[in-house]
Amino acid sequence: MNNEIAEQFRSALNFLLRQEGRGAQVRLAVAQNIDRGYLNAVIKGRKPAAEEIRLKIADHFGMLYEEMLAFGRRVQEGLVKTEEGKGAEGCDVEIESNSGDGISNKIEQLREILESGTDCGQVLSSLINNVLQTILLGREKQDVSDRLKVIEGRLVELEKMIAGSSRRPPKNQKK
């Protein structure tokens, strides 16, 4: 695992464990069936957690893996505050959240996932490309449909002209 990603994950994990209080590490290990020694090595930074373990840990805290990394970045940047405004060392977390319904918040969340360097970031990138291609294809189909309607209109006008000219008797014909 990328060292930067490992540190982001570890920052989030340590912060969340501190907030949960005494016994949090044991509760996590038991709840997610993770070896306590291995979990301790991950927490201390002696080992990077395997992907399966990182997913279990994120799930334990009710987060997606990408959210855990984004949270870890915010912890590292000092954007996570406590009620007392002490930063990551205090307790009773109040997070300056990027979650919200505003488009700028969603774009920031997307950026964080795309920059996470994870498989989910790659999947999201692929999804965005597919949605864009679908939108562009839809526009092309609409352009083609609009052109066909114009052609159909011209054909109707042409048929009317032809039908109108066939009603007139030829000039050389005697009555």
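The shown structure was predicted, so the numbers you read here are calculated from the model rather than taken from an experiment.

Trainee: Whenever I open this one, the packing of helix α1 (residues 3-20) against helix α5 (residues 65-76) confuses me. Can you help?
Mentor: For the pair α1 and α5, the least separation of the axes is 7 Å and the interaxial angle reads 80°. Overall, the two elements α1 and α5 adopt an arrangement that is roughly perpendicular. In this structure, α1 uses Ile-5, Glu-7, Gln-8, Phe-9, Ser-11, Ala-12, Leu-13, Phe-15 and Leu-16 to contact α5, whose residues at the interface are Tyr-65, Met-68, Leu-69, Phe-71, Gly-72, Arg-73, Val-75 and Gln-76.

Trainee: How should I be thinking about the environment of Leu-16 in this particular structure?
Mentor: Along the polypeptide, Leu-16 turns up in helix α1. A relative accessible area of 15% means that Leu-16 is categorised as buried. Between the alpha carbons of Leu-16 and Gly-72 there is a distance of 9.7 Å; along the sequence they are 56 residues apart. With residues near it in sequence (within four places) discarded, Leu-16 still touches Phe-61, Met-63, Met-68 and Phe-71.

Trainee: How do you make sense of unusual backbone geometry when you look at a structure like this?
Mentor: Note: most residues except glycine have negative phi, and most peptide bonds are trans. The phi angle at Asn-33 is positive, at roughly 55°, despite the residue not being glycine. Structurally, Asn-33 can be placed in the loop between α2 (24-31) and α3 (36-44). According to the relative accessible area criterion, Asn-33 is exposed, its value standing at 66%.

Trainee: In this structure, what is going on with the nonpolar core? I would like to understand it.
Mentor: The nonpolar side chains of a soluble globular protein tend to be buried, and buried together. Counting 26 residues, the largest nonpolar core has Leu-13, Leu-39, Ile-57, Phe-61, Met-68 and Phe-71 as the members making the most contacts within it. Only α1, α2, α3, α4 (51-60) and α5 provide two or more residues apiece to this core. At seven residues, the largest contribution of residues to this core is made by α1. Other than its neighbours up to four places away in sequence, Ile-57 contacts Phe-9, Leu-13, Leu-28, Ile-34, Leu-39 and Met-68.

Trainee: Would you mind showing me how to read a nonpolar patch on the surface here?
Mentor: Nonpolar side chains collect at one region of the surface, where Val-144, Leu-148, Ile-151, Leu-155, Leu-158, Met-161 and Ile-162 lie side by side and expose about 670 Å² of accessible area between them. Here Leu-158 shows up in helix α7 (residues 119-167).

So, how was this worked out
Residues numbered from 1 in each chain as written. Predicted model: local features only at pLDDT ≥ 70, side-chain atom pairs only at ≥ 80, totals over all residues. Heavy atoms only, no water. Axes fitted to C-alpha atoms, helices over the stretch in contact; angles between N-to-C directions. Helix = DSSP H or I, 4+ residues; strand = E, 2+ residues; numbered from the N terminus. Parallel < 35°, antiparallel > 145°, perpendicular 65-115°, else oblique. Contact = heavy atoms within 4.5 Å. Buried < 20%, exposed > 50% of the residue type's maximum accessible area, 1.4 Å probe, protein only. Core = buried A, V, L, I, M, F, W, Y, C linked by side-chain atoms within 4.5 Å. Patch = residues over 30% accessible without salt bridge, like charges linked within 9 Å, V, L, I, M, F, W, Y side chains within 5 Å. Areas by Shrake-Rupley, 256 points an atom, 1.4 Å probe, with all protein chains shown as cover. Salt bridge = Lys/Arg side-chain N within 4 Å of Asp/Glu carboxyl O.

No statement about biological role is implied by the geometric values presented.
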